[in-house]
Amino acid sequence: MRSAKSRVRTALRSGGRAFVLSFEALAGSAVLLVLSLLSFTLVLLGVGLVTTPRLTEAVRKHADRRRRLAATWSDVRIPVPYRPFPKDVRDGLTGQVERTRHILKDPATWRDLRWLLLDMTAGYVLLAFCWALLVYPVEGFALAAGLWRVFEDNTYWYGFVPVDSQATGLAAAALGVVLLLVGMWASPSLLRLHFVLARSVLAPTREELAQRIDRLTETRHEAMDTAASELRRIERDLHDGAQARLVAMGMNLGTIEALVEKDPAQAKKMLAMARASSAEALTELRDLVRGIHPPVLAERGLGDAVKALALRLPVASEVTVELSGRAEAPVESAAYFAVSEALTNTVKHAGADRLWVDVHHSEGMLRISVTDNGRGGAAIGTGSGLSGIERRLGTFDGVLAVSSPAGGPTMVTMEIPCALS
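Residues numbered from 1 in each chain as written. Predicted model: local features only at pLDDT ≥ 70, side-chain atom pairs only at ≥ 80, totals over all residues. Heavy atoms only, no water.

Explanation requested: a nonpolar patch on the surface in the structure shown.
A grouping of Phe-19, Val-20 and Phe-23 is seen on the molecular surface, where their side chains present a nonpolar patch of about 310 Å² in accessible area. For Val-20, the position within the fold is in helix H1 (residues 2-41). The exposure class of Val-20 is exposed, given its relative accessible area of 52%. (Patch = residues over 30% accessible without salt bridge, like charges linked within 9 Å, V, L, I, M, F, W, Y side chains within 5 Å. Areas by Shrake-Rupley, 256 points an atom, 1.4 Å probe, with all protein chains shown as cover. Salt bridge = Lys/Arg side-chain N within 4 Å of Asp/Glu carboxyl O. Helix = DSSP H or I, 4+ residues; strand = E, 2+ residues; numbered from the N terminus. Buried < 20%, exposed > 50% of the residue type's maximum accessible area, 1.4 Å probe, protein only.)

Written out as structure tokens, the structure reads:
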């Protein structure tokens, strides 16, 4: 009995979801497809340069919503394969041209368009069957209850049953029972099939997945090398710093123990020295812990941690943060240390007297830019530390871009795909 009730609830829930989603599939996908194709054709006239990025963002939000529903409702996982937008895009016509060109070159854009066409046709049909198999039997029951009399002057067809009498009305009700049983059994499967059909079009190709696997393998090796390097740094800092001070303090305490009765004045001096050494060791340990994972990052999030970094800089700084939530701890940590490295490079090498940091999240990306008014000339791979930032971001499939013409200004842009909680 409990199993039957559970099946009925599952079927009704699937039918209700399919009913709501069918309007979205038919109307939403059709409108977005027509507008997107129209926008693409107007690119050569210049109008499409303005409308295409906005429409593409709307299409991707529409597809991302279907991905979320597929995972939530039917446990169907659909990857998000979009390439990040160029990092050095400027405002104005040039930036719009670059964004539009990038959109048109992204295979995911054309997959989205094919999905819109499929969603408004075959996808809609599957959704319609999902809820119609549960709703249509109600008409058969109504005919058996006497509704057939309204049509007694003419033959009314219910499915393949001609209804013109009470007997044929009961036949319609029998057919309705069969359809209802089929709907109870098939509705969850039809809803899942709708999402599987979407995945067949929206998911990346094998070639793209192979490239992504190669990239992830490379970044995994780089992450392991980075982690080993960090471990060696921590060991070195402990050995050369706090450990050495603690050993020296232990030796001083042994000497104090021997002098406390023979030379109290000297013992007091050495106690003061031991106290100072313990304070310095504690400071070094705190600095070491802060270098591993800053407390402000764990307690208050990335935005406040970056502001705290900027406050310690010897140059004037301005930090803008627009985050509606928090990313996962590993992502926040990677972003924090990437910003820290970028700011350190600016102070050491740029010769700047002012810098700007912008942190925001949009289109599923955490975007951070560090800009200074220094001498410029920065480049990845020149020993400035930017290569380390690139490796750190690559672990999370992030990217780094640097715009630094001679004479400045320098803009370091970082992007990490992530969701905010």
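We are not done yet, so read on.
Help me out: how do you make sense of empty space enclosed by the protein in this one?
Over the atoms rolls a probe the size of a water molecule, and in doing so it shows where empty space is left. In the structure shown here, the tally under the stated rule is two cavities of 30 Å³ or more. Within this model, the largest cavity holds a volume of roughly 60 Å³. The element best represented in the lining of the largest cavity is helix H2 (residues 47-74), accounting for four residues. Along the lines of polarity and charge, the residues of the lining of the largest cavity split into four nonpolar, four polar and one charged. (1 Å grid on protein atoms, 1.4 Å probe; cavity = no way out; pocket = protein on both sides within 12 Å on 5 of 7 lines; lining within 4 Å. Points joined across faces, edges and corners; volume = space filled by probe spheres on them. Nonpolar A, V, L, I, M, F, W, Y, C, P; charged D, E, K, R; others polar.)

What should I look at first to understand the nonpolar core in this one?
Where a protein is soluble and globular, its nonpolar side chains tend to be buried together. Trp-115, Leu-116, Tyr-158, Val-163 and Phe-195 are the most contacted members of the largest nonpolar core, which has 36 residues in total. Among the secondary structure elements, those contributing two or more residues to this core are H1, H2, helix H4 (107-144), strand E2 (161-163) and helix H5 (166-202). A total of ten residues in this core trace back to one element, the largest contributor, which is H5. Ignoring anything within four residues of it in the chain, the contact list for Phe-195 reads Leu-21, Arg-66, Leu-69, Ala-70, Trp-73, Ser-74, Val-76 and Ile-78. Core analysis: the second largest hydrophobic core is formed by 30 residues, Ala-335, Leu-366, Leu-386 and Ile-416 among them. (Core = buried A, V, L, I, M, F, W, Y, C linked by side-chain atoms within 4.5 Å. Contact = heavy atoms within 4.5 Å.)

Just to check I follow, could you spell out unusual backbone geometry for this structure?
With the exception of glycine, most residues fall at negative phi, and the peptide bonds are largely trans. Its identity as a non-glycine residue notwithstanding, Asp-75 has a phi of 55°, on the positive side. Locating Asp-75 in the fold gives a position in the loop between H2 and helix H3 (93-105).

For this particular structure, what's the right way to read the environment of Ala-11?
Assignment of secondary structure puts Ala-11 in helix H1. Separated by 119 residues in sequence, Ala-11 and Cys-130 have C-alpha atoms that sit 8.9 Å apart. Here Ala-11 is in contact with Leu-134, Gly-183, Met-184, Ser-187 and Pro-188, once residues within four sequence places are set aside.

What is the right way to read the packing of aromatic side chains from this model?
The description of an aromatic ring pair rests on the distance of the ring centres and on the angle between the ring planes. Across all of its chains, the model carries six aromatic pairs by this definition. Ring centres 4.5 Å apart and planes at 20° place the aromatic pair Tyr-136 and Tyr-158 in the stacked group. Note that Tyr-136 is positioned in helix H4 and Tyr-158 in strand E1 (residues 156-158), a separation of 22 residues in sequence. For Tyr-136, a relative accessible area of 32% translates into the label partly exposed. Tyr-158 gets classed as buried once you look at its relative accessible area, which sits at 0%. (Phe/Tyr/Trp six-rings, centres within 6.5 Å; stacked < 30°, edge-to-face > 60°.)

Help me out: how do you make sense of the environment of Ala-350 in this one?
Note that Ala-350 resides in helix H10 (residues 329-350). Each C-alpha atom, one on Ala-350 and one on Gly-407, is 9.9 Å from the other, the two residues being 57 residues apart in sequence. Ignoring sequence-local partners within four residues, the contact set of Ala-350 consists of Asn-345, Asp-372, Gly-374 and Arg-375.

For this particular structure, what's the right way to read the side chain of Ser-39?
Inspection of the secondary structure assignment puts Ser-39 in helix H1. In this view, Ser-39 contacts Gly-48, Thr-51, Thr-52 and Leu-55; residues no more than four positions away in its chain are not counted.

Just checking my understanding: could you explain the environment of Val-306 for this structure?
Checked against the element boundaries, Val-306 lands in helix H9 (residues 302-311). Beyond its immediate stretch of four places on either side in the chain, Val-306 contacts Val-319, Val-339, Val-357 and Val-359.

Before we go on, may I ask you to explain the pattern of salt bridges in this structure?
Any two side chains of opposite charge can pair if their charged atoms end up close together. What the rule picks out here adds up to eleven salt bridges. Arg-326 is paired through a salt bridge with Glu-332; the nearest N and O atoms lie 2.7 Å apart. You can call Arg-326 partly exposed: its relative accessible area is 31%. Its relative accessible area of 5% is what places Glu-332 among the buried residues. Linked through salt bridges whose partners overlap, the residues forming this network are Glu-24, Arg-65, Arg-66 and Asp-119.

Sorry, what's going on with the sheet that holds strand E5 (residues 365-372) here?
Two strands in a sheet stick together by hydrogen bonds in their backbones, pointing the same way (parallel) or opposite ways (antiparallel). Judged by pairing direction, the sheet is mixed, and its five strands sit side by side in the order E3-E4-E5-E7-E6 without closing on themselves. Every interior strand has two partners, whereas the edge strands, strand E3 (316-322) and strand E6 (399-403), have only one. This sheet shows a mean twist of 10° between the axes of neighbouring strands, independent of strand direction. Strand direction decides the pairing type here: strand E4 (residues 354-362) and E5, joined by eight bridges, are antiparallel. Residue Ser-362 lies in a different strand from E5, and its bridge partner there is Met-365. Strands in contact with H9 are E3, E4 and E5; relative to E3, the strand with the most contacts, it is inclined by about 175°. Against the sheet, H10 contacts E4, E5 and strand E7 (410-417), and its axis sits at roughly 10° relative to E5. (Pairing = 2+ DSSP bridges. Axes fitted to C-alpha atoms, helices over the stretch in contact; angles between N-to-C directions.)

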